[in-house]
Amino acid sequence: MKKVKYPSLSQIEKDLLAEAEKMLTRAYNPYSHFHVGAAILTADNKIIGGANVENAAYGSSICAERSALLRANALGYRHFKKIAIITKAAKADTKDISAPCCSCRQMIYEFSQLAGEDIEIIMANTKKTKIMKAKISELLPLAFGPKDLGVNLKKYPLLSG
Ligand code: THU
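In this text the structure is predicted, and so the values were computed from the model without any measurement.

J.: Let's hear about the layout of surface pockets: which residues, and what values?
T.: The space that makes up the largest pocket amounts to roughly 200 Å³. What lines the largest pocket is a set of 15 residues, among which Phe34, Val36, Asn52, Cys63 and Glu65 lie closest to the centre. Those elements that provide at least two residues to the lining of the largest pocket are helix H2 (64-75) and strand E4 (80-88). Counted by class, the lining of the largest pocket contains nine nonpolar, four polar and two charged residues.

Here it is in C-alpha cells:
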C-alpha cells in the first residue's frame, strides 16, 4: 500500500482516473447520495467504467467496482491489471479516499485468481490530491477463493483480455 502523487502516475493511470471521475456523474444514488466511480484497465489496455446503482430495496444496490467488473465481463474482458476508484460525498468534494467494500474486494480477488494477476487498486479523492495504490492481495489477505473449493480456473477463458 503506498501513497502516490498525481504527476507520478503513468498516462494510462491518469486516463483510468479520468474515466472513474466521469463515472461519478453516472452514479444512481437517490438514497445515499454518495457517488462512486470506477474504471478498470484490461490486460490489453482497454478502459471500462462503472458507477454505483442503488435500489429502494437497499440490498439490491450494486457498487461501482462490481458494476464495472460485470460490464467488462459482458464486453468480453476478464483479465484486468488495475482498477481506479474515486468517491464523492453528497455535497462536498472528498478530502479522503475510500477503499472498496469487502464484496468488491472478493470479486476483484476472483478475477485476480482467474488471470494470475495481482490487480492494483488506485483510490483517489475528487481533486486527486490524495491517491493510494494497493494490490488486491494487500486489501484481502488470507482470501477465500477457488483453491478452498478445489477449483482449477484454468479451463475458464479470459475472453478478449
Ligand atoms: N459503494 C460503492 O460503489 N463501492 C464500494 O466499494 C462501497 C460502497 C456504494 C454503494 C452505495 O451506492 C453507496 O456507495 C453507499 O454505500
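From this point, things continue past the structure.
J.: Break down the site of the ligand for me, citing the residues and quoting the values.
T.: Taken together, the neighbourhood of the ligand is formed by Ser32, Phe34, Val36, Asn52, Glu54, Cys63, Ala64, Glu65, Pro100 and Cys101. Glutamate 54 has a polar side-chain atom sitting 2.5 Å from an oxygen atom of the ligand. Across the complex, the protein chains shield 75% of the 370 Å² of accessible surface that the ligand would expose by itself. Structurally, the ligand is housed in the largest pocket. Within the shell around the ligand, the residues separate by chemical class into six nonpolar, two polar and two charged.

J.: Talk me through helix H3 (residues 102-115); I want residue IDs and the actual numbers.
T.: In this model, H3 (14 residues) spans 20 Å end to end at C-alpha, consistent with the 20 Å of a helix rising 1.5 Å per residue. Restricting attention to buried positions, one finds in H3 the residues Cys104, Arg105, Ile108, Tyr109, Phe111, Ser112, Leu114 and Ala115. Residues of H3 that are buried make contact with H2, E4, strand E5 (120-124) and helix H4 (136-139).

J.: Got a sec to walk through the environment of threonine 94? Specific residues and values, please.
T.: Its place among the elements puts threonine 94 in the loop between E4 and H3. Of the residues examined, threonine 94 reaches a relative accessible area of 13% and is grouped as buried. Taking the C-alpha atoms as reference, threonine 94 lies 9.4 Å from lysine 128; in sequence the two are 34 residues apart. When near neighbours in sequence (up to four residues on either side) are disregarded, threonine 94 contacts Thr87, Lys88, Ala89, Asn125 and Thr126.

J.: With reference to specific residues and values, describe the UniProt feature "active site" (unreviewed entry) in the protein.
T.: Mapped onto this numbering, the UniProt entry annotates "active site" (unreviewed entry) at Glu65. Among the structural elements, glutamate 65 can be located in helix H2. Discounting residues that sit within four places of it in the chain, glutamate 65 has contacts with Val36, Ala38, Ile83, Ile85, Pro100 and Cys104.

J.: Hey, could you go over the sheet that holds strand E3 (residues 47-51) for me, with residue numbers and the actual values?
T.: The mixed open sheet is built from six strands, whose spatial order is E1-E6-E5-E4-E2-E3. Looking along the sheet, the strands with just one partner apiece sit at the ends: strand E1 (2-4) and E3. Taking each pair of neighbouring strands and ignoring which way they run, the sheet shows an average axis angle of 20 degrees. Pairing of E4 with E5, which is carried by five bridges, proceeds in the parallel orientation. By the bridge assignment for E5, isoleucine 86 is matched with alanine 124. Strand contacts of helix H1 (residues 11-24): strand E2 (35-42), E3, E4, E5 and strand E6 (131-135), with the helix running at about 145 degrees to E2, the strand carrying the most contacts.

Cut-offs applied
Residues numbered from 1 in each chain as written. Predicted model: local features only at pLDDT ≥ 70, side-chain atom pairs only at ≥ 80, totals over all residues. Heavy atoms only, no water. 1 Å grid on protein atoms, 1.4 Å probe; cavity = no way out; pocket = protein on both sides within 12 Å on 5 of 7 lines; lining within 4 Å. Points joined across faces, edges and corners; volume = space filled by probe spheres on them. Helix = DSSP H or I, 4+ residues; strand = E, 2+ residues; numbered from the N terminus. Nonpolar A, V, L, I, M, F, W, Y, C, P; charged D, E, K, R; others polar. Near = heavy atom within 4 Å. Polar contact = N/O pair within 3.5 Å; in protein donor to acceptor, adjacent residues only side chain to side chain. Areas by Shrake-Rupley, 256 points an atom, 1.4 Å probe, with all protein chains shown as cover. Sits in = over half its atoms within 2 Å of the grid points. Expected span 1.5 Å × (residues − 1). Buried < 20%, exposed > 50% of the residue type's maximum accessible area, 1.4 Å probe, protein only. Contact = heavy atoms within 4.5 Å. UniProt positions renumbered as here; feature names shortened; annotations may be inferred. Pairing = 2+ DSSP bridges. Axes fitted to C-alpha atoms, helices over the stretch in contact; angles between N-to-C directions.

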